Amino acid sequence: GAWLWWHRSAPSPATSTTPPVAVMSAHVPEAPAASQPAVKHPIDVPVAAETPAAAPFELETALAELFGRKAVLSMFQLQDFARRFVATVDNLGRAHAPASLWPVNPASGRFIVERQDGAEVISADNGLRYTAYLLLIETVDLRRLVALYARLYPQLQQAYEDIGFPNRYFNDRLVDVIDLLLATPEPHGPLRVRLPEIKGPLQPERPWVLYEFDDPALQALSSGQKTLLRMGPVNQRRLKAKLIELRRLVTAGTVPR
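Residues numbered from 1 in each chain as written. Predicted model: local features only at pLDDT ≥ 70, side-chain atom pairs only at ≥ 80, totals over all residues. Heavy atoms only, no water.

Looking now at the overall build of the protein. The helix and strand tally for the protein stands at ten helices and four strands. Ordered by position from the N terminus, the helices and strands of the protein form the series α-α-α-α-β-β-α-α-α-β-β-α-α-α. Across the 257 residues that make up the protein, the buried fraction comes to 35%. Counting only contacts in the protein whose residues sit at least 6 apart along the sequence, the fraction spanning at least 24 positions is 68%. For the protein, the computed accessible surface area is about 16,400 Å², with 59% contributed by carbon and sulfur atoms. (Helix = DSSP H or I, 4+ residues; strand = E, 2+ residues; numbered from the N terminus. Buried < 20%, exposed > 50% of the residue type's maximum accessible area, 1.4 Å probe, protein only. Contact = heavy atoms within 4.5 Å. Areas by Shrake-Rupley, 256 points an atom, 1.4 Å probe, with all protein chains shown as cover.)

Take a look at the structure:
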């Protein structure tokens, strides 16, 4: 009886109090979603434009319908056109716009200067070098041009991202550059220029491309603004009139049909 009493009253084996091993789940934060360009001026892209890049022949045909085949063959650079176009638009708002990247051929002939009052100034005849380009812009139907721009826009946006602007909207950059060009000053009278001193035995083959404005304020302008100044006051006003119309069309939100 004593043995039974002791056996029943003895404490049961203690339950293990060892805390369970915590399962450490390494939390890998989700990668932030790619930032989308903040769009101020959306362009209405046709559904048909969401296709692979058009072949150069198709682009040539579309441009020829707008500008004429002769002008396209003699004035345009169709190879890698989208990259050339977006790079040049962007560069027009910066200090330099290398001609090797332009989607069009540079104006023919050399930069023309003349002597006045002991200084070199831009000759009035220099504006004649840009006549063909001005006529091209003034005679094209800008509504049709913007419609083509919208068709090509997916390629242009991709090219803009590829050259280093993955989180920016190209049409916004286009509008900003147009605004910058429209703000180009219109000085009165001939503009003084000078050639920088070239040291060393090697002289450039085309020294006229090195001319700078004598006025530091003008020399500090963007490459696009300085191009407008070199075109002369009359050409500058003509081009600005077309830029105003172009800006209205690319900021309208809908593509002209």
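Okay, the pairing of strand β2 (residues 119–122) next. Bridge count between strand β1 (residues 113–116) and β2: four bridges; the pairing is antiparallel. Within β2, the position partnered with glutamate 114 by the bridge is valine 121. (Pairing = 2+ DSSP bridges.)

A word on the confidence of the model for the protein. Of all residues in the protein, 78% attain a pLDDT of 70 or more, and the chain-wide mean is 84. Considering only residues more than four positions removed or in separate chains, one finds that residues 1–33, a stretch of pLDDT under 50, has zero contacts. (pLDDT = per-residue confidence, 0-100.)

Here the structure, examined in full by the defined rule, presents eight aromatic pairs. With a centroid separation of 6.2 Å and an interplanar angle of 20°, the aromatic rings of phenylalanine 81 and phenylalanine 85 are classed as stacked. Linking phenylalanine 81 with phenylalanine 85, this pair stays in helix α4 (residues 81–92), spanning four residues, or about one helical turn. Overall, phenylalanine 81 belongs to the buried group, its relative accessible area being 10%. Relative to phenylalanine 165, the ring of tyrosine 160 lies with its centre 4.8 Å away and its plane at 15°, an arrangement referred to as stacked. For tyrosine 160, a relative accessible area of 1% corresponds to the buried category. Residue phenylalanine 165 is classed as buried on the basis of its relative accessible area of 15%. These aromatic residues form a ring-pair network of at least three members: Phe81, Phe85, Tyr160, Phe165 and Phe170. (Phe/Tyr/Trp six-rings, centres within 6.5 Å; stacked < 30°, edge-to-face > 60°.)

Phi angles above zero are rare outside glycine, and aspartate 80 is one such case at about 55°. In this structure, aspartate 80 sits in the loop between α3 (69–75) and α4.

The tendency in soluble globular proteins is for nonpolar side chains to be buried side by side. Counting residues in each nonpolar core, the largest one holds 46 residues, and the members touching the most others are Leu63, Phe67, Phe76, Tyr149 and Phe170. Discounting chain neighbours no more than four positions away, the residues touching tyrosine 149 are Ile43, Phe85, Leu156, Phe170, Asn171, Leu174 and Val250. Counting residues in hydrophobic clusters, the runner-up holds nine residues, among them Phe111, Leu191, Val193 and Leu218. (Core = buried A, V, L, I, M, F, W, Y, C linked by side-chain atoms within 4.5 Å.)

Our next topic: helix α6 (residues 142–162). The largest bend in α6 comes to about 60°, at leucine 152, with the proline proline 154 one to four residues further on. Within α6, the full set of buried residues consists of Leu142, Val146, Leu148, Tyr149, Ala150, Leu152, Tyr153, Leu156, Gln157, Ala159 and Tyr160. Capping the start of α6, aspartate 141 holds a side-chain oxygen 3.0 Å from the backbone nitrogen of arginine 143, two or three residues further along. Positive backbone phi, at 125°, marks glycine 164, one or two positions downstream of α6. (Bend = angle between axes of the 7 residues up to and from the residue. Polar contact = N/O pair within 3.5 Å; in protein donor to acceptor, adjacent residues only side chain to side chain.)

Moving on to the pattern of salt bridges. Evaluation of the coordinates by the stated rule reveals eleven salt bridges. Glutamate 60 is the partner of arginine 69 in a salt bridge, and the nearest nitrogen-oxygen pair spans 2.8 Å. Residue glutamate 60 is classed as buried on the basis of its relative accessible area of 15%. Put simply, arginine 238 and glutamate 138 hold a salt bridge, and the shortest N to O gap is 2.8 Å. Separated by 100 residues along the polypeptide, arginine 238 in helix α10 (residues 233–250) and glutamate 138 in helix α5 (residues 131–139) bring together distant segments of the chain. What makes arginine 238 partly exposed here is its relative accessible area of 31%. A network of salt bridges, in which partner residues are shared, links Asp90, Arg94 and Arg173. (Salt bridge = Lys/Arg side-chain N within 4 Å of Asp/Glu carboxyl O.)

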